[in-house]
Amino acid sequence: DAGVTQSPTHLIKTRGQHVTLRCSPISGHKSVSWYQQVLGQGPQFIFQYYEKEERGRGNFPDRFSARQFPNYSSELNVNALLLGDSALYLCASRLAENTGELFFGEGSRLTVL
Amino acid sequence: LAKTTQPISMDSYEGQEVNITCSHNNIATNDYITWYQQFPSQGPRFIIQGYKTKVTNEVASLFIPADRKSSTLSLPRVSLSDTAVYYCLVGDIMDTGRRALTFGSGTRLQVQP
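Residues numbered from 1 in each chain as written. Chains lettered and ligands numbered in written order. Predicted model: local features only at pLDDT ≥ 70, side-chain atom pairs only at ≥ 80, totals over all residues. Heavy atoms only, no water.

The strands that make up a sheet are held in pairs by hydrogen bonds between backbone atoms, and each pair lies either parallel or antiparallel. Residue and element names in this part refer to chain B. Ordered in space as β1-β3-β8-β7-β6, the 5 strands form an open sheet in which the pairing is antiparallel. What marks the edges here is a single partner per strand, and that holds for β1 (4-5) and β6 (53-56). Sheet analysis places β1 next to strand β3 (residues 18-24), joined by 2 bridges and oriented antiparallel. Across the sheet, Thr-4 pairs through a bridge with His-24, a residue of β3. (Pairing = 2+ DSSP bridges. Helix = DSSP H or I, 4+ residues; strand = E, 2+ residues; numbered from the N terminus.)

Here's what the structure looks like:
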């Protein structure tokens, strides 16, 4: 079975642009969460979705939004990009909402110039 | 948002036992504590998960006291390949009542020959 897949793996944007990052969870996993990891720091929670509903939100501005589709895949959108948005964006999936192992993808590395 | 605290770094030698402690207040009653390992430019990888007392699997043990305000990851006999950053993950109840998932600051373990 395929693991969590994320696309694109790398991308470069300029300030003010928007970006859409995509995540496909492991088959059967209904919970998807997103994290931002700045170089040298731990992952910071952005969103959690379960059964297509938002179940958790971290301390990020409204420029960050996400959604989960009926097939449980997910998109993370970031508008009006800032230099500080440069980071590795990680997606994770798991079977249940609050328990069990989180399976992480390899991330999308975003560089904002 | 509750803060989790881990030592920034630890050094060890091959074959030694390593214990890494994470402090976490405001852990929710129904939340589990999970530890992850991360190598550079990769997504975190699950090590072990527990709710209370002690859990052991083929690679590690997890000790959780009765108050659940901390947890200790024990790696029995480390090797060079265990050099990585280790994170503890707990769920938090934010002031808004929405749930978040919080990584610790991470402990950078360096294993020497």
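What follows continues from the structure just given.
The next thing to look at is the packing of aromatic side chains. Evaluated as defined, the whole model comprises 7 aromatic pairs over all chains. With 5.6 Å between their ring centres and 85° between their planes, Phe104(A) and Tyr36(B) make a pair best called edge-to-face. Pair noted here: Phe104(A) is in strand β10 (residues 103-104) and Tyr36(B) is in strand β4 (residues 33-38), and the two residues belong to different chains. Across the pair, exposure class does not vary: Phe104(A) and Tyr36(B) are buried alike. Measuring from ring centre to ring centre gives 6.0 Å for Tyr36(B) and Phe46(B), while their planes differ by 80°; the resulting arrangement is edge-to-face. Here Tyr36(B) is found in strand β4, whereas its partner Phe46(B) is found in strand β5 (residues 45-50), with 10 residues between them in sequence. Residue classification places Tyr36(B) among the buried residues on the basis of a relative accessible area of 0%. One aromatic cluster in this structure is built from Tyr35(A), Phe45(A), Phe104(A), Tyr36(B) and Phe46(B). Between the NZ or CZ atom of Arg68(B) and the centre of the ring of Tyr51(B), over which it lies, the distance is 4.0 Å. (Phe/Tyr/Trp six-rings, centres within 6.5 Å; stacked < 30°, edge-to-face > 60°. Buried < 20%, exposed > 50% of the residue type's maximum accessible area, 1.4 Å probe, protein only. Lys NZ or Arg CZ within 6 Å of the ring centre and 35° of its normal.)

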